[in-house]
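The chain contents come next:
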Amino acid sequence: MCVDRAGLVGNDGETHQGLYDIAFFRLIPNITIMCPKNFKELELMMDFALNYNGPVVIRYPRGGESNSIHSKKITLGKSELLNSGKDLTIICAGSTVSKGLELVDKLNKDNISCDLINVRFIKPLDTTNIIKSINKTKKVIVIEDGTIINGLCTGIKELIVDNNLINIKSSYYAYPDNYIKHGSIKDIEKKYKLDVDSIYKDIKEFIKK
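These notes cover the structure that comes with them. For clarity, every value in this text was computed on a predicted model and none was experimentally measured.

### Some remarks on the side chain of Glu80
Alright, step 1. Following the sequence through the fold, Glu80 ends up in strand 4 (residues 80-83).
Alright, step 2. In terms of polar contacts, Glu80 uses its side chain to reach the side chain of Lys37, at 3.0 Å.
Alright, step 3. Beyond its immediate stretch of four places on either side in the chain, Glu80 contacts Lys37, Glu41, His70, Ser71, Lys72, Leu116, Ile117, Asn118 and Arg120.

### So, the pattern of salt bridges
Alright, step 1. As enumerated under the stated definition, the model contains 14 salt bridges in all.
Alright, step 2. With a shortest N-O distance of 2.8 Å, Glu41 and Arg120 are connected by a salt bridge. Of this pair, Glu41 sits in helix 2 (residues 39-50) while Arg120 sits in the loop between strand 6 (114-118) and strand 7 (121-123); the two residues are 79 residues apart in sequence, bridging distant segments of the chain. Assigned by exposure class, Glu41 and Arg120 land together as buried.
Alright, step 3. Lys204 is paired through a salt bridge with Asp110; the nearest N and O atoms lie 3.6 Å apart. Here the residue Lys204 occupies a position in helix 7 (residues 196-208), and Asp110 occupies one in the loop between helix 3 (97-108) and strand 6, the gap between them amounting to 94 residues.
Alright, step 4. Each of Lys37, Glu41, Glu80 and Arg120 takes part in a single network of salt bridges with overlapping partners.

What counts and how
- Residues numbered from 1 in each chain as written.
- Predicted model: local features only at pLDDT ≥ 70, side-chain atom pairs only at ≥ 80, totals over all residues.
- Heavy atoms only, no water.
- Helix = DSSP H or I, 4+ residues; strand = E, 2+ residues; numbered from the N terminus.
- Polar contact = N/O pair within 3.5 Å; in protein donor to acceptor, adjacent residues only side chain to side chain.
- Contact = heavy atoms within 4.5 Å.
- Salt bridge = Lys/Arg side-chain N within 4 Å of Asp/Glu carboxyl O.
- Buried < 20%, exposed > 50% of the residue type's maximum accessible area, 1.4 Å probe, protein only.

Structure representation (structure tokens):
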């Protein structure tokens, strides 16, 4: 199954506000949920799904053609490390990977080096590599373009608790548990402080604290 997240909260109107799909699919046992960062990764995930013996959901990006970063072969439950650092772990999925890349560039100029993880799989999560990164940096930022409840943010919170990771600072960026009014993606992201500039300012304070 492919889920078109369309304009998220944007130009296709309120009927296409794809905020809740990950949250309700994630509850289904034995399901695999993937979020491609661009069209090339979408192609790779489609090939994977056709050869996989089990139910698969692909939440494909709109506007993903603008993200030309190379995509590697898809392996079940394996994430992709797009940048390596020691000060902060940034975890993204799907269209938010491009935000992660912008944040890495901005933070590098402030001498803050980051692990940037494209999870690829919301379910199953790549617990091994995500835990390794979080234990290294002790600080984690999660960015997604869905609801704050039962999506990637919830998955990372559960991972931290279930694996008894201690002394971890974390901050989460997703849409609140409300109905989101219609508007352009740019305007809505700015309203909820999910744009790159807002997240960057938060991270600077997050690191200081």
